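Now for the letters of each chain:
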Amino acid sequence: MVLVVTQPARQLAFLTLRAIQRGAFADVALDKMLQQNSLRAIDKRLLTELVYGTIRRQRTLDALIDQLGKKKSQQQPPDLRLILHLGLYQLCYLDQVPVSAAVNTTVELAKQNGFASLSGVVNGLLRQYVRLKDSRATDAIAPLPSLSFDPLILPDNPIQRLGIFYSYPDWIVENWLQQFGQTETEKLCQWMNEPPSIDLRVNRLQATVEQVETALHQVGVQTQRISFLPYALRLGNHVGSIQALPGFAMGWWVVQDGSAQLVSYLLDPQPGEVIMDACAAPGGKTTHIAELISDRGTVWACDKTPSRLKKLEQNCDRLHLQSIRIQTGDSRRLSQFQNRADRVLLDAPCSGLGTLNRHADARWRQTPESVAQLAQLQTELLNQVESWVKPDGVLVYATCTLHPVENEHQIDRFLNTHPNWQIMPPDSNSVAAPFATQEGWCKVLPHQHQMDGFFMARLEKRG
């Protein structure tokens, strides 16, 4: 079936991409554009696909411009480069958009946005791509099958080859190749370019999984249970506004990826305990902890950003949770919590390399230098929050990244410099047990487990 769309979605995609190019975060810029414009559901989906897709595939699209154009991508006027990205993305990746629609609407975009004199260049470049693609439709470019018919010329260097083909910076590809090898890295790169799923965590204090399933099915939303997570549901089709779904206003559920849900199970909080979440906002794991202790105990939610803590407070109100206390401040400076916690969660700020499918622009924002800065921050946080834990208490360190400097190296360094701590693998009956490694920590690999990439380590303070 041919997808029929209107021109405004493409124009809005261009304007959104221009805002991102000028420094806006992709999700913020897109959300703003959706709120400011009244679009049909089909146009909202196209706008979202074009924005996130072209951001993800930026390096591949630049390589095609370099190959097909008289000027390299970086020599193009910035706005024209975005327009070419939009046209090439539709031709490369959106089979449901007819070739004529992709080419003609991109030419019109050029005319509408100050490039009428270059509209012939846009038309020629896109049609050259189409001719090459048609002429090579039976060729193969092993071992990268998903675009085996594409005219893109790839370098022999394995890092650059994967980086251009799947559209990642070389440093990320190199890091993953060192960890996972060629085959697994290709699978991981491909998975991170797919649209993310939406998982719900049912608030067991307000509803049952069956209740939520029934309510969602009644409005046509498909769901799938996640076998090892007792209160998780994965949404299976276009759902529209999350806030409009049944049960949201009543606090029956919250959006939280399955990997993030695992973290609180590894922490294993118990009713009556004092528990501290050192980097809490916007509160997904904080509220999960409160649910797991049946809202009986004290959960301190610490964060230095008041606006993000406001979101946490709103979630507490909606989920009807009373055990959570708010503490504004940098957890590296909160010395008043020394020896007060039975358990501490440090869901540390990280590079987010395990969630690149959710954050389309993150692969271009992060650098080896930013990873090093984050690793220093993580070390400082660990060194402070360990003092919050009572003797025989528990500290869980977690990130949503796939970088050893932020994960394994952090735990190794911490244990080497804190001899009164030891790593504690999850209990055999723990929800997190299937993800435990020989070293004792837990790892979730997206392409293997169909969830965000996560690293988790449970540590115990010897008395």
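The rules behind each value
- Residues numbered from 1 in each chain as written.
- Predicted model: local features only at pLDDT ≥ 70, side-chain atom pairs only at ≥ 80, totals over all residues.
- Heavy atoms only, no water.
- Helix = DSSP H or I, 4+ residues; strand = E, 2+ residues; numbered from the N terminus.
- pLDDT = per-residue confidence, 0-100.
- Contact = heavy atoms within 4.5 Å.
- Expected span 1.5 Å × (residues − 1).
- Buried < 20%, exposed > 50% of the residue type's maximum accessible area, 1.4 Å probe, protein only.
- Arc of directions from axis to C-beta.
- Polar contact = N/O pair within 3.5 Å; in protein donor to acceptor, adjacent residues only side chain to side chain.
- Axes fitted to C-alpha atoms, helices over the stretch in contact; angles between N-to-C directions.
- Left-handed = near helix turned anticlockwise from the far one by under 90°.
- Parallel < 35°, antiparallel > 145°, perpendicular 65-115°, else oblique.
- Nonpolar A, V, L, I, M, F, W, Y, C, P; charged D, E, K, R; others polar.

(A) Fine view of unusual backbone geometry. Ala281 connects to Pro282 through a cis peptide bond whose omega is 5°. For Pro282, the location among the structural elements is in the loop between strand 5 (274-277) and helix 12 (284-292). Positive phi, close to 60°, is recorded for His320, a residue that is not glycine. On the secondary structure map, His320 appears in the loop between helix 13 (306-319) and strand 7 (324-328).

(B) Broad picture of the confidence of the model for the protein chain. When the pLDDT values of the protein chain are averaged, the result is 93; 95% of them are 70 or greater. Here residues 1-6 scores under 50 on pLDDT; set against residues more than four positions off or in separate chains, the count is 14 contacts. Confidence drops under pLDDT 50 across residues 140-149; counting only partners more than four residues distant or on other chains, this segment forms 27 contacts.

(C) Spotlight on helix 7 (residues 119-135). Helix length check: helix 7 (17 residues) gives 24 Å between terminal C-alpha atoms against 24 Å at 1.5 Å per residue, within 8%. All of the buried residues in helix 7 are Ser119, Val122, Leu125, Leu126, Tyr129, Val130 and Lys133. Angularly, the buried residues of helix 7 cover 140° about the axis, an arc narrow enough to put them on a single face. Residues Arg131, Asp134 and Ser135 are exposed on helix 7 and point more than 90 degrees away from its buried face.

(D) The arrangement of the environment of Gln179 in detail. Residue placement: Gln179 occurs in helix 9 (residues 170-192). On the basis of relative accessible area, Gln179 is assigned to the partly exposed category, the value being 26%. With residues near it in sequence (within four places) discarded, Gln179 still touches Leu402, His403, Pro404 and Lys443. Looking at Gln179, its side chain comes within polar contact range of the side chain of Asn175, at 2.6 Å. At 2.9 Å, the side chain of Gln179 forms a polar contact with the backbone oxygen of Leu402.

(E) Structural view of the packing of helix 12 against helix 13. Look at helix 12 against helix 13: their axes get within 10 Å of each other, and the N-to-C directions meet at 30°. Relative to helix 13, the crossing made by helix 12 is right-handed. Here Thr286, Thr287 and Glu291 of helix 12 come into contact with helix 13, specifically with Leu312, Asn315, Cys316 and Leu319.

(F) Representation of the packing of helix 3 (residues 41-56) against helix 5 (residues 78-93) within the structure. In the contact formed by helix 3 and helix 5, the axes pass within 10 Å of each other and the chain directions differ by 100°. With respect to helix 5, the axis of helix 3 lies roughly perpendicular. Here Glu49, Leu50, Gly53 and Thr54 of helix 3 come into contact with helix 5, specifically with His85, Leu86, Tyr89 and Gln90. For the contact of helix 3 with helix 5, the residue count by class is three nonpolar, four polar and one charged.

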